[in-house]
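Chain residues, written in single-letter form:
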Amino acid sequence: MNRILFGLVVLFSSSVFSGNDPKTNPFSTKQYFSLLEECDACGCSANGGSMGFSSMLSDNFIGIRYFHQSYQSRDGVFNNSPWIDENFNTAQIWGRIPVTNKLEVTVLVPYHFHRRVKSSGTQNVDGLGDITLMALYRIFQTKDTLSGFKHRILVGGGIKAPTGKFDSANNGSVNPSFQVGTGGWDYSLTTEYIIRKGNWGLNNALNYIIKTENDKNYKFGNQFNYGSTLFYSTMIKKVIVVPQVGVAGETFQANQEFDQDVPFTKGDIFFSKIGVEVGYRKFSTGINAMLPINQNLTGGRVEANYRLGIHLNYSL
């Protein structure tokens, strides 16, 4: 993991100081998105967590991506209960489709395969996850100004359908998020503000997710996501490179069962982010890594280690 992060840092540094002209960029760079999508506490049925669900290279695209989330959790409710490893993996079809010149729709279709190693043996769950549909509308955009700054504001919302299986038996563990689906409909509200000058840009996003009770009388807690990403676009020969660094955070309310709060299910986490996207003609690929700076998940009974995402897109 340290070698991956070191390589990304080196690539970021070399790109920033390369001084190439971005005007020959084969991708459209007028829009930069890193919206935050739902990620139930500690990784449950996440479509990507704060990894985002948009490309920084192409306005509209279809593609596939894989992301991995590594956790440790207590195998029991006591302070001396042994730690176990939990790995949440997702393969996802994703796309961003234009409806009008101001309205775009994002679709996410995930397949999850999660694994954890307990003293009693290995436990696996896999299957189709919850499908997400989201729309964003541009309410404000400045043209070129004397200062060189460009501003852009978007607002929108989304819905997540309970297409993934929810197994109530898994809620007996310390980490109730060991699922491929939540079993309930979720609704999200999103706002995003992007400011750019020259090759540089800063993306700031807020996202609030309202979760509903499933047919097992279980409800995951509402969630608030926030993030800020600094990016730089440059050309290296005929390849466009967009390195990026930033921070992201997630705050979870307590889960509920039969309208009663479930103890030790709320929490918060704050991440550092680093990544890069590379594009050539209509194809692009990217890698992003996230490391926790501060966290308090389920009363300290769950700890996040890192998140890693890789994607391959085709520009529409």
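Attention here is on the structure that accompanies the text. (Residues numbered from 1 in each chain as written. Predicted model: local features only at pLDDT ≥ 70, side-chain atom pairs only at ≥ 80, totals over all residues. Heavy atoms only, no water.)

The next thing to look at is the sheet that holds strand S14 (residues 260–261). Taken in spatial order, the 3 strands make up an open sheet running S9-S13-S14, and their pairing is antiparallel. Edge positions in the sheet fall to strand S9 (218–219) and S14, since each of these pairs with one other strand and no more. Note: S9 against strand S13 (residues 256–257), 2 bridges, orientation antiparallel. Bridge assignment links Lys219 to a residue of S13, and that residue is Gln256. (Pairing = 2+ DSSP bridges. Helix = DSSP H or I, 4+ residues; strand = E, 2+ residues; numbered from the N terminus.)

Before going further, it helps to spend a moment on a nonpolar patch on the surface. A contiguous nonpolar patch, built from Ile62, Ile64, Ile93, Ile97, Phe283, Leu312, Tyr314 and Leu316 and spanning about 770 Å² of accessible area, is present on the exposed surface. The set of elements that each furnish at least two residues to the nonpolar patch consists of strand S1 (61–74), strand S2 (83–98) and strand S17 (302–315). Note on placement: Ile93 falls in strand S2. Look at Ile93 and you get exposed, because its relative accessible area is 53%. (Patch = residues over 30% accessible without salt bridge, like charges linked within 9 Å, V, L, I, M, F, W, Y side chains within 5 Å. Areas by Shrake-Rupley, 256 points an atom, 1.4 Å probe, with all protein chains shown as cover. Salt bridge = Lys/Arg side-chain N within 4 Å of Asp/Glu carboxyl O. Buried < 20%, exposed > 50% of the residue type's maximum accessible area, 1.4 Å probe, protein only.)

Moving on, we come to the pairing of strand S6 (residues 149–160). Along any regular strand, the residues point their side chains to alternate faces of the sheet. Sheet topology places strand S5 (residues 132–141) next to S6; 9 bridges connect them, and they run antiparallel. Bridging from a neighbouring strand, Phe140 pairs with Ile153 of S6. In this sheet, strand S7 (residues 186–197) lies alongside S6 in antiparallel orientation, the contact comprising 12 bridges. By the bridge assignment for S7, Val155 is matched with Thr191.

Time to look at the pattern of salt bridges. The final tally for this structure, using the stated rule, is 6 salt bridges. Among the salt bridges present, the one from Asp75 reaches Lys118, with a minimum N-O distance of 4.0 Å. Here Lys118 lies in strand S3 (residues 103–118) and Asp75 lies in the loop between S1 and S2, a separation of 43 residues in the sequence. Exposure remark for Asp75: the relative accessible area of 23% places this residue in the partly exposed category. Exposure remark for Lys118: the relative accessible area of 24% places this residue in the partly exposed category. The salt bridge partner of Arg116 is Glu86, with a shortest N-O separation of 2.7 Å. Note that Arg116 is positioned in strand S3 and Glu86 in strand S2, a separation of 30 residues in sequence. Judged by relative accessible area, which is 3%, Arg116 ranks as buried. Connected via shared salt-bridge partners are Asp130, Lys160 and Asp186.

Note that every value here comes from positions in space, so none of it alone points to a role or purpose.
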